[in-house]
Amino acid sequence: MADPDRIATLIVEDDPMFRSRFEEILSRADGYRIVASAASVADGIAAARANRIDLLVVDLGLPDGDGTAVIREISERQPECAVMVVTVFGDEEHVVNAIEAGASSYLLKDCNEQEFMAAIRDLLAGGSPMNPMVARLVLDRMRRMPPQPTPASSLDKPIELSERETEILTLVAKGFSFADICSLLSITNNTVKTHINRIYRKLAVHSRGQAVYEATRLGLIEL
Amino acid sequence: MKVARTLAALFAYGFGALLACASVAGAEGVRLGEFEYFPEYTNAAPPPPEAVGPARTNGIVRATDSKPRDARFLRGRFDLDAQPHEVYALYISAANRGVRAFVNGVEVGSTSLSDAERFGWNYPLFFSIPPALLHPGSNTLDLRLTLNESGWGSLRDAEIGPHATLKPIYDKVLFWRITGPQITSLIAVLTGALALLVWMRRRRETVFLWFALTCFMAAIRNAHFYVSAPISGFWYEVWAAVPLHWMSAAFALFSLRLCERRFPKTEATLLWAALAWTLIVLLAGPAHIRLTVDLGYLWLMIVNLGILVFAFMQCLRQPKVERILLFIAVLVSVAFGTMDLTLLTSMRDSDWRVYMLPYSTLFISLAVGAVLVDAFARARSRQEQLNVELDARLAARERQLREQHQTLLKLEREQAVAHERQRILRDIHDGLGSQLISSIHLVEGGTLEPARVGALLRECVDDLRLAIDSLKPAGEDLLAVLGNFRYRMEPRLAHAGVRLDWHVAADSRSPRLGAQQILHTLRIVQEAVTNALKHASPSVLRISFREETEAGEWTLSVEDDGVGFRMPSDQSRGEGLQNMRTRAAQARLNLTIESNETGATVRIVGTSDNE
């Protein structure tokens, strides 16, 4: 029987070298328990359904589909699960798609062990990274929001970025680091992190709202 | 053809009705065909009742040694069986000059209140006779007839009878002689005005102009049948003759145009002849007016016969509706003109004395008007059909253009893709490729320690990332790409113990640049940063971006506080600098590199617009 105090981790990665590297790093670190290591979307979803997962480390390019399918499955059934996307070159389009599916952090594959664990710890502590190009894409996507994204019944407030969140994203998009932003806006590092985190969640909700909106528009569902 | 048939039927009907009416005249009245004539009696009052005129006449008299406005009496006698109870009337078919009528010595009427002459020669005369003036047995009718300049006087067909019997005859004759020509004038003026309007819009179609002139001249000429005005005999004759000449010339030219034929010499001759006759009639003056007018009629007869022959020939050549109608119209007008001439010269007699030529005007107006309307309608239909065809052709052309445009767009896209592919290939070849190859050489040479190999490969990956960044949708945003570069470089700089100073104004905007320019810019920045790290051992690296002016000029600089360098001394550094210069030149950016012992500055200046 597994130790319930340790963080239940699911790794979904098709490249055996990277998979075993992630496994090694996590098993060396304290407090992590690898529930399963899947090499495909199907296996990943099966593992996610069979177990309670605290942390999902997922690659996006999988042989039988897109890793976002696993993310979507997990974030619907186990919304508390932290999702870390690992990509080769930080392809922003895919990263943003993954965020929309429910991911809350991303990491480049060429990172070293320290960077990897730092990112995981940051994620579990509630922090999310944000780089300039992702920030730009997020701004673009939120700007393209339809006038009436979702009916008011399903959500308390309309899904749009607050002024402060937009400001932060704009600064990030211009290459300012979190530290720069803290001093520019006279806020603490934690506040920035909270904002970024909220942006992640809004993006996910927004994308669902958008999907609902599109479906309504096309007459696929009745509200 | 339908138009022609309808018109012919209409005309035949009108003409037939006219002839039918004429045969009715003369019922119940007493017609006075012979008069006693008093050549020497010049008083204003009629001769005494018992006097008997020394000469006999049928109504036409000629006095020798007469003065202008002289008048002579003609006396007729008629018997009545009993004293009539109804109003009687005197009807005179025509008189060439003023007439005063006396019954049993009492004046019953006059063509004018004064003695002034009236030229209402074509008007029938009608005077009521109170029954009290008449008595059973023999009665006398005295007619005082004004003579013309040559001493001629004429009146025709005096008839006395019950008012109720003669009035309808008078009305009918008045209609056909006066009202009819008035109507023809009106129609001619209207048709002519219409043709003139058409011509004013379409100046090259002179057929309308000549037709309009024909109509106007006909209207003017026909007016002398019904306008009675106290003007001198000479001008009256000019009025009757001159417009007829111009009308014939205009009609001849119209006929030629209608048949699309041109005979410049003949046309000029016709117009000159009209002018000549005008001048001859005017210059020869009152003394020779009869001669000039009659000779003119002879010429007109020749002209009209010429038109008739021409129209006939044209019908034979190509029997088109308008040509046939033209021929019929000319034939009718020649026939009517001949009939009028026989009436005028007393070669023919008629109870009603209706001049037919005005009616030929009517026929010509209607027939030709119909032809023109028909031609207009056909032209309209043709134009509409043409429009439909044009629309179809235009649509086809548009479709073709659209297709061509699509093809062009596709080609352009393909070309853009090809360019992009070439750019990526060159970049991979020059950047990543050469770096990998040099790394392989270093590794195979065995002179490299593993940590150095890792660093080399990392450089390769960084290089590749820059290339990929510049290809991304957000890659056209220089600041975002630059920010990403910072995001990736910062950990490495921190690792090397270098602090990064990031100087970008929070409100600065990214300049508009192409992907190629952005990549070159990034590569220069990367080269500058790498150079500084490799060679200058700086403690601070400062990257700043400034928008200089409203014109979109911007400056990007990389400064370090390292040891600096002297340009030619360091071989590998020299290559790096050369590389930067080449890139700047390719991207049309202004590059300056400065170095001294307190550090180096690489400055890129560009403008937003130099795509």
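Residues numbered from 1 in each chain as written. Chains lettered and ligands numbered in written order. Predicted model: local features only at pLDDT ≥ 70, side-chain atom pairs only at ≥ 80, totals over all residues. Heavy atoms only, no water.

### Quick word on a nonpolar patch on the surface
Residues and elements named next belong to chain B. We apply this condition: Without a salt bridge and with relative accessible area above 30%, a residue can belong to a patch; like charges are then joined within 9 Å and nonpolar side chains (Val, Leu, Ile, Met, Phe, Trp, Tyr) within 5 Å. In these tables, accessible area is a Shrake-Rupley quantity obtained with a 1.4 Å probe, and a residue counts as shielded only by the protein chains included in the view. Definition used for salt bridges: Asp or Glu carboxyl oxygen within 4 Å of a side-chain nitrogen of Lys or Arg. Each helix is a run of H or I in the DSSP string that is no shorter than four residues. Each strand is a run of E no shorter than two, and both are numbered from the N terminus.
On the surface, Trp235, Trp272, Leu275, Leu279, Leu282 and Leu283 cluster together into a nonpolar patch covering about 670 Å² of accessible area. Per-element tally for the nonpolar patch: the top contributor is helix H5 (residues 264-284), with 5 residues. Tracing the backbone shows Leu279 in helix H5.

### Some thoughts on the side chain of B:Ser333
As a reminder, the rule being used: Note on contacts: a residue pair is in contact if any heavy atoms of the two residues lie within 4.5 Å.
Examined against the element boundaries, B:Ser333 turns out to sit in helix H7 (residues 321-344). Dropping the residues within four chain positions of it, B:Ser333 is found in contact with B:Leu357, B:Ser360 and B:Ile364.

### Things to note about helix H5 (residues 113-124) of chain A
Each α-helix turn comprises 3.6 residues. Residues three or four places apart therefore point the same way. Residues and elements named next belong to chain A. This is how it is decided: What a helix should span is 1.5 Å times the count of its residues minus one. Buried, partly exposed and exposed residues are distinguished by accessible area as a fraction of the type maximum, computed with a 1.4 Å probe on protein chains only: under 20%, between the cut-offs, and over 50%, respectively. Here, the arc refers to the directions that run from the helix axis to the C-beta atoms.
With 12 residues, H5 extends 17 Å between its outermost C-alpha atoms, agreeing within 8% with the 16 Å of an ideal straight helix rising 1.5 Å per residue. Those residues of H5 lying buried are Phe116, Met117, Ala119, Ile120 and Leu123. The buried side chains of H5 occupy one side of the element, clustering within an arc of 155 degrees when seen end-on. Those residues of H5 that are buried lie in contact with helix H1 (16-28), strand E2 (32-38), strand E3 (55-59), strand E6 (82-87) and strand E7 (105-108).

### Quick word on the pairing of strand E13 (residues 540-547) of chain B
Residues and elements named next belong to chain B. Note the cut-off: For two strands to be treated as a pair, DSSP must find no fewer than two bridges joining them. Seen with its strands pointing away from the viewer, a crossover is right-handed if its path from the first strand over the helix to the second goes clockwise.
Bridge analysis of strand E12 (residues 499-504) against E13 gives 6 bridges, and the strand direction is parallel. When the sheet's bridge partners are listed, Val504 is paired in E13 with Phe545. The parallel pair E12 and E13 is bridged by helix H11 (residues 515-536), and the resulting crossover is left-handed. As defined by bridge partners, E13 adjoins strand E14 (residues 553-560) across 7 bridges and the pair is classed as antiparallel.

### Concerning the nonpolar core
The test is simple: To qualify as a nonpolar core, a set must consist of buried Ala, Val, Leu, Ile, Met, Phe, Trp, Tyr and Cys residues joined through side-chain atoms within 4.5 Å.
Membership of the largest hydrophobic core comes to 87 residues, with the highest contact counts inside it found for A:Leu10, A:Leu56, A:Ile71, A:Met130, B:Val525 and B:Val529. In terms of residue count, helix H10 (residues 478-495) of chain B provides more of this core than any other element does, 8 residues in total. Setting aside chain neighbours within four positions, we find A:Leu56 in contact with A:Leu10, A:Val12, A:Val70, A:Ile71, A:Ile74, A:Cys81, A:Ala82, A:Val83 and A:Met84. Ranked by size, the runner-up nonpolar core spans 40 residues in total, among them B:Phe254, B:Cys259, B:Phe310 and B:Val368.

### Quick look at the sheet that holds E2(A)
All names here are of chain A. The following threshold applies: Every axis corresponds to a line fitted to the C-alpha atoms, with the helix fit spanning only the stretch in contact, and the corresponding angles, defined between N-to-C directions, vary from 0 to 180 degrees.
Spatial ordering of the open sheet is given by E2-E1-E3-E6-E7, a layout of 5 strands whose pairing is parallel. Both edges of this open sheet fall to E2 and E7, since each of them pairs with a single strand only. Taking each pair of neighbouring strands and ignoring which way they run, the sheet shows an average axis angle of 20 degrees. Where strand E1 (residues 7-12) lies against E2, 6 bridges are found, and the strand directions are parallel. Each bridged residue has a counterpart across the sheet, and for Leu10 the counterpart in E2 is Ala36.

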